[in-house]
Amino acid sequence: MAALQASSLLVSSSSSPSSGCSSKRTITASIQVPKPSRLRLADPSMMITKKLVEELRTRNGYAEPLQMDVAQKDGALESRLSPTPSIETITKLYAILEAVEDRVEMHNNMGEQRDNWNKLLLNSVNMMTLTATTMAAMAAAAPAPSLRACSALLFTAATGMSLVMSKIQPSQLAEEQRNASRLFKQLQSEIKAILALQSPSASDVKEMMAKLLAFDRAYPLPLLGAMLEKFPAKFEPAAWWPRVSNNCHQSRGWKTVANTERNGWSEDLEVEMRAIVQVLKSKDKQDYLRLGNLALKVNKIMAVSAPLLTGIAAAGSAFGGSTATTVAAIAGAMAAIINGVEHGGQVGMVVEMYRNCAGFFDLMEETIEATLEEQDYSKRENGELFEMKVAMKLGRSLSQLRVLARKSMASCVEGTEVDEFGSKLF
């Protein structure tokens, strides 16, 4: 607001004597206004007011301008600290994910197909065997060349089909594909989690690729030339994971840690994990190896006995005579029983189940030992999380896992045996 000051006022009046009644008055005024002062644009009060106005104008319920600036700075700092994964790495992971999803579908389809093989072949072999057995019994009661010929032919066909079933073990093949499908689904979920977190690296690509190839080797799809040996000389656990190569073995008698942070690990937790490994080795793994060896021996005996009995029955029917046909009828009945127990009871599937369970405990043992051998705590998985995962895989709570560890440590001191198995799942 400008101040008004009157500096001078001049009033002059003149009158003419001749007019007498007319007058003229002149008013002259002079007003001085001070010059306005120039606004300083760099005035701090003006800058603050401007920011407040902008803030009120742009406020929309999500973030204020000043907060946005701080968030942008934090984001830029985070991007510098954690490098953004390259497009090539993400593309490779998506390619592996596509291959894994295809493997899941393939193993599901093959598993259903081989399960159908087991049912159809078992029904066909048993029907042929029982029909031939009936003909042989009728031929023994009333000699008839046609009955003996038909019986011998059916027994011969049943022998060939029984040999095929004993060789490939369709129930065991179906169980292999079920296990493979389950493992590939786990790998699929793992890759999706890495992509969802947007933190893939080149090491993740190598690890996922190694796992995929290890699964392919452990559970092959083709039969000819790649099928797993169904009757090995020695029963061994399944191995479907890439072997851990720990090249950073430091001196095991001591540990050096640069900082005091132990990533959730403590001496008690390490002792507990070693005690759990001892239980898995001495109880669970040994028990499944024993059962697997027993099931493998029974399966071998049955796989040999069924074709042998149908072959004897075919020879007895072909040679003729009441005694030979009687032997053929008895042998055929026994072969049908053995086929029903072996393939109907899916003994091959039981062998594969024991092999897979023993491999599961082998994997847990290797994982725990490899984790404990890592001297850098920052490279280990968090100790509390690791303990929880071990407990869940064994079907135990954390308190039950610690009780089991105490029992294992007490058994080592006292020289006794732990009275329970490590796993409560199977």
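Residue indices begin from 1 for each chain and proceed along its sequence in written order. Only residues with pLDDT of at least 70 get local features here, since the model is predicted, and only at 80 or more are side-chain atom pairs given and counted; chain-wide, interface and lining totals rely on the full set of residues. Processing note: side-chain calculations cover all non-hydrogen atoms of the structure and skip hydrogens and water entirely.

Novice: Give a detailed account of the overall build of the chain, specifying residues and quantitative values.
Specialist: Only runs of H or I of at least four residues qualify as helices and only runs of E of at least two qualify as strands under DSSP, and these elements are numbered from the N terminus. Scanning the chain from N- to C-terminus turns up 11 helices and two strands. Walking the chain from its N terminus toward its C terminus, one meets helices and strands in the order β-β-α-α-α-α-α-α-α-α-α-α-α. Counting every atom, the chain has about 25800 Å² of accessible surface; 60% of that belongs to carbon and sulfur. All accessible-area figures derive from a Shrake-Rupley calculation using a 1.4 Å probe, and residue coverage is judged against the displayed protein chains alone.

Novice: Which residues make up the environment of Ser 181, and what values do they have?
Specialist: Its place among the elements puts Ser 181 in helix α5 (residues 170–197). Exposure remark for Ser 181: the relative accessible area of 3% places this residue in the buried category. Whether two residues touch is decided by their heavy atoms; if any such pair falls within 4.5 Å, the residues are in contact. In this structure, Ser 181 is in contact with Val 104, His 107 and Asn 108, ignoring residues within four places of it in sequence. Categorising residues by exposure relies on relative accessible area from a 1.4 Å probe, with only protein chains included: less than 20% of the type maximum marks a residue as buried, more than 50% marks it as exposed, and the intermediate range marks it as partly exposed.

Novice: Hey, could you go over the packing of aromatic side chains for me, with residue numbers and the actual values?
Specialist: Centres within 6.5 Å are what make two rings of Phe, Tyr or Trp a pair, Trp counting through its six-membered ring; a difference in plane orientation under 30 degrees is then read as stacked, over 60 as edge-to-face, and the rest as tilted. Inspection of the entire model under this criterion finds six aromatic pairs. With a centroid separation of 5.6 Å and an interplanar angle of 40 degrees, the aromatic rings of Trp 265 and Phe 386 are classed as tilted. Placement of Trp 265 in the loop between α6 (202–218) and α7 (267–319) and of Phe 386 in helix α10 (residues 383–393) is noted, with a sequence separation of 121 residues between them. Classification of Phe 386 by relative accessible area gives buried; the value is 6%. Note on Tyr 288 and Tyr 354: the rings are 5.9 Å apart at their centroids and 55 degrees apart in plane angle, and the pair reads as tilted. You can see Tyr 288 sitting in helix α7 and its partner Tyr 354 sitting in helix α9 (residues 347–373), a full 66 residues away along the chain. Each member of the pair, Tyr 288 as well as Tyr 354, carries the same accessibility label: buried. Among the aromatic residues, those joined into a cluster by ring pairs are Tyr 288, Tyr 354, Phe 360 and Phe 361.

Novice: For the environment of Ala 331, give the residues involved together with the corresponding values.
Specialist: Take Ala 331: it is sitting in helix α8 (residues 322–344). Judged by relative accessible area, Ala 331 falls into the buried class, the value being 5%. Taking the C-alpha atoms as reference points, Ala 331 and Ala 314, separated by 17 residues in sequence, lie 9.2 Å from one another. Ignoring sequence-local partners within four residues, the contact set of Ala 331 consists of Leu 309, Ile 312 and Ala 313.

Novice: Mind laying out the nonpolar core, listing which residues take part and the relevant values?
Specialist: Formed by 52 residues in total, the largest nonpolar core has its most connected members in Ile 191, Trp 240, Met 273 and Val 390. Among the elements of the structure, α3 (87–141), α5, α6, α7, α9, α10 and α11 (398–414) are those that each provide at least two residues to this core. At 11 residues, α7 tops the list of elements feeding residues into this core. Residues in contact with Val 390, not counting those within four places in the same chain, are Met 273, Ile 276, Met 364, Ile 368 and Leu 401. To form a nonpolar core, buried Ala, Val, Leu, Ile, Met, Phe, Trp, Tyr and Cys residues must be joined to one another through side-chain atoms within 4.5 Å.

Novice: Give me the packing of helix α4 (residues 145–168) against α7: which residues, what numbers.
Specialist: The axes of two packed helices give the description: the angle between them and the distance between them. Where α4 contacts α7, the axes come no closer than 8 Å and their chain directions differ by 165 degrees. Taken together, α4 and α7 sit at an angle that is classed as roughly antiparallel. Seen from above, α4 lies across α7 with left-handed handedness. From α4, Arg 148, Ser 151, Ala 152, Phe 155, Thr 156, Ala 158, Thr 159, Ser 162, Leu 163 and Ser 166 reach across to α7, where they touch Ala 303, Ala 306, Pro 307, Thr 310, Gly 311, Ala 313, Ala 314, Ser 317 and Ala 318. For helices, the fitted axis covers only the stretch in contact; all axes are lines through C-alpha atoms, and the angles between them, taken along N-to-C directions, range from 0 to 180 degrees. When an angle is under 35 degrees it counts as roughly parallel; over 145 it counts as roughly antiparallel; between 65 and 115 it counts as roughly perpendicular; any other value is oblique. Note: crossing handedness is left-handed where the near helix turns anticlockwise from the far helix by less than a right angle, and right-handed where it turns clockwise.

Novice: Go over the side chain of Gln 169 with me, naming the residues and quoting the values.
Specialist: You can see Gln 169 is positioned in the loop between α4 and α5. For Gln 169, the side chain forms a polar contact with the side chain of Glu 342, separated by 3.2 Å. Apart from the residues within four sequence positions on either side, Gln 169 is in contact with Lys 230, Phe 231, Asn 299, Ala 303, Glu 342, His 343 and Gly 348. In the analysis that follows, any N or O atom pair within 3.5 Å is treated as a polar contact, provided that within protein one partner can donate a hydrogen and the other can accept it, and provided that, for residues neighboring in sequence, both atoms belong to side chains.

Novice: Describe in detail the packing of α5 against α9, supporting the description with residues and values.
Specialist: Contact pair α5 / α9: the axes reach a minimum separation of 7 Å and the direction vectors enclose 35 degrees. When the axes of α5 and α9 are compared, the crossing they make is right-handed. Across from Ser 171, Gln 172, Glu 175, Glu 176, Arg 178, Asn 179 and Arg 182 in α5, the residues of α9 making contact are Gly 348, Met 349, Val 351, Glu 352, Met 353 and Asn 356. Nonpolar residues are Ala, Val, Leu, Ile, Met, Phe, Trp, Tyr, Cys and Pro. Charged residues are Asp, Glu, Lys and Arg, and all others, Gly as well, are polar. Grouping the constituent residues of the contact of α5 with α9 by class yields three nonpolar, five polar and five charged.

Novice: An account of the environment of Arg 148 is needed here, citing residue identities and associated values.
Specialist: On the secondary structure map, Arg 148 appears in helix α4. Of the residues examined, Arg 148 reaches a relative accessible area of 21% and is grouped as partly exposed. The spatial distance from the C-alpha of Arg 148 to the C-alpha of Met 135 is 7.0 Å, given a sequence separation of 13 residues.

Novice: Hey, could you go over the pattern of salt bridges for me, with residue numbers and the actual values?
Specialist: Think of a salt bridge as a Lys or Arg side-chain nitrogen and an Asp or Glu carboxyl oxygen that are within 4 Å of each other. This structure, assessed with the given rule, holds 21 salt bridges. Lys 281 serves as the salt-bridge partner of Glu 369, at 3.2 Å between the closest nitrogen and oxygen. With a gap of 88 residues between them, Glu 369 in helix α9 and Lys 281 in helix α7 connect regions that are remote in the sequence. With relative accessibility at 30%, the residue Glu 369 sits in the partly exposed group. Across the pair Arg 396 and Glu 420 runs a salt bridge whose closest N-O atoms are separated by 2.9 Å. Pair noted here: Arg 396 is in the loop between α10 and α11 and Glu 420 is in the segment after α11, with a separation of 24 residues, a long-range link. Residues participating in the shared-partner salt-bridge network are Lys 281, Lys 285, Asp 362, Glu 365 and Glu 369.

Novice: Lay out a nonpolar patch on the surface in plain terms, naming residues and giving numbers.
Specialist: In this scheme, patches are assembled from residues that exceed 30% relative accessible area and form no salt bridge. Like charges are connected within 9 Å, while nonpolar side chains (Val, Leu, Ile, Met, Phe, Trp, Tyr) are connected within 5 Å. Among the surface-exposed residues, Leu 385, Met 388, Met 392 and Leu 398 lie close enough to one another that they form a single nonpolar patch of about 340 Å² accessible area. A per-element tally of the nonpolar patch places α10 first, with three residues. Tracing the backbone shows Met 388 in helix α10.

Novice: Explain the confidence of the model for the chain to me, and be specific about the residues and the numbers.
Specialist: In predicted models, pLDDT denotes the confidence assigned by the predictor to each residue on a 0 to 100 scale. Taken over all residues, the pLDDT of the chain has a mean of 80, while the share at 70 or more is 76%. Confidence drops under a pLDDT of 50 for residues 1–31, and excluding neighbours within four residues, the segment shows 25 contacts in the predicted structure. Confidence drops under a pLDDT of 50 for residues 55–82, and excluding neighbours within four residues, the segment shows six contacts in the predicted structure.

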